[in-house]
Amino acid sequence: MAEAPPGARARPLSPHTTIWRWHITMAASILNRVAGVALYLGLLIVAGWALALASGPDAYGAYTGRLGSLVGRVILFGVSVALFFHMANGVRHFAWDLGRGFAPKTADATAWGSFAFAIVAAVALWTVALTNGAL
Amino acid sequence: MAGYRTPLGHARGLGSAKHGVGHFIGQRVSAFALLGLTIWGAWSAVSVVAGGYVGARFWLASPINAALITLLVVTGFYHARLGMQVVVEDYIERKFTRTVLLILNTFVAAGGAMLAAVCLLKVAFGGGAL
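This one's a predicted model, so the numbers in the text were calculated from it and none came from an experiment.

Draft legend 1. Structural detail: the interface of chain A and chain B. Across the boundary between the two partners, chain A contributes 30 residues, which contact 43 residues of chain B. Interface of chain A and chain B: buried area, both sides summed, is about 3,000 Å²; carbon and sulfur atoms make up 78% of it. Seen at the junction of chain A and chain B, the total is two salt bridges. We note a salt bridge from A:D97 to B:R28, for which the minimum N-O separation is 2.6 Å. Where chain A meets chain B, there are five residue pairs in polar contact (both at pLDDT 80 or more). When contributions to the side of chain A that touches chain B are tallied by element, the ones reaching two or more residues are α1 (24-55), α2 (57-67), α3 (70-97) and α4 (104-131) of chain A. Element by element, the count of residues in the side of chain A that touches chain B is highest for α1(A), at twelve residues.

Draft legend 2. Spotlight on a nonpolar patch on the surface. Residues and elements named next belong to chain A. Taken together, the side chains of W22, I30, L31 and V34 make up a nonpolar region of the molecular surface, amounting to roughly 380 Å² of accessible area. Positionally, I30 belongs in helix α1. Judged by its relative accessible area of 32%, I30 is partly exposed.

Draft legend 3. The arrangement of α1(A) in detail. Along its 32 residues, α1(A) runs 45 Å from first to last C-alpha, staying within 8% of the 46 Å computed at 1.5 Å per residue. Taken from the residues just after α1(A), A:G56 is the one with a positive phi, measuring 115°.

Conventions and cut-offs
- Residues numbered from 1 in each chain as written.
- Chains lettered and ligands numbered in written order.
- Predicted model: local features only at pLDDT ≥ 70, side-chain atom pairs only at ≥ 80, totals over all residues.
- Heavy atoms only, no water.
- Contact = heavy atoms within 4.5 Å.
- Buried area = accessible area lost by both parts, 1.4 Å probe.
- Salt bridge = Lys/Arg side-chain N within 4 Å of Asp/Glu carboxyl O.
- Polar contact = N/O pair within 3.5 Å; in protein donor to acceptor, adjacent residues only side chain to side chain.
- Helix = DSSP H or I, 4+ residues; strand = E, 2+ residues; numbered from the N terminus.
- Patch = residues over 30% accessible without salt bridge, like charges linked within 9 Å, V, L, I, M, F, W, Y side chains within 5 Å.
- Areas by Shrake-Rupley, 256 points an atom, 1.4 Å probe, with all protein chains shown as cover.
- Buried < 20%, exposed > 50% of the residue type's maximum accessible area, 1.4 Å probe, protein only.
- Expected span 1.5 Å × (residues − 1).

The following block contains the structure:
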């Protein structure tokens, strides 16, 4: 960004997050970014898993042991919620790219839908994992 | 005399750099691929975790599984690099810090993708042997 010349009059800024009333579409937009950053961490966890698997049974046991701890499970559950939210919100973006879904009521409904899908899909996945003996 | 012109004067009339569209398309095409790949990946993770070390190596011995998981990780890091680039560009104003973070982002994503691919293929080519 170019520097303002010295002595320039302070110019009005566009409205920022601090003066907006929180709205569901705004929350979905911001959390989509947060989820994306969380999934970067999730990918590094998968890369670490691949390294552990290629390094032998001891390394694999140590790695999955850490992932299976309480802290590890909380992180993994968070990553799964982030994945399903980012996925659902990404589908919203596909619709927007096609010029659809911009009506305020539609945008509100799909934002709520994305949050609901994230929770339901993550809980469903972990329920299957629990009954499957994966945990 | 370029030195006497304002930053706006430099840029005015030049149009866009015409590079943004590559980022836009790359992000969406990789997102579309990841939609299917991550659903498969999340579903597969449940059975792979249940099988322990031996089960995971056996699972990766399947060429389909090896191809899809490698594709998932490489496409994922590509998509993540593009996304993180936008985050850095939006929030980091100081040019030096921003440049360092952008390069770091590329290195971490490329390194993570390469490391994961080599590890996955090493196990896959080993035929799941212990």
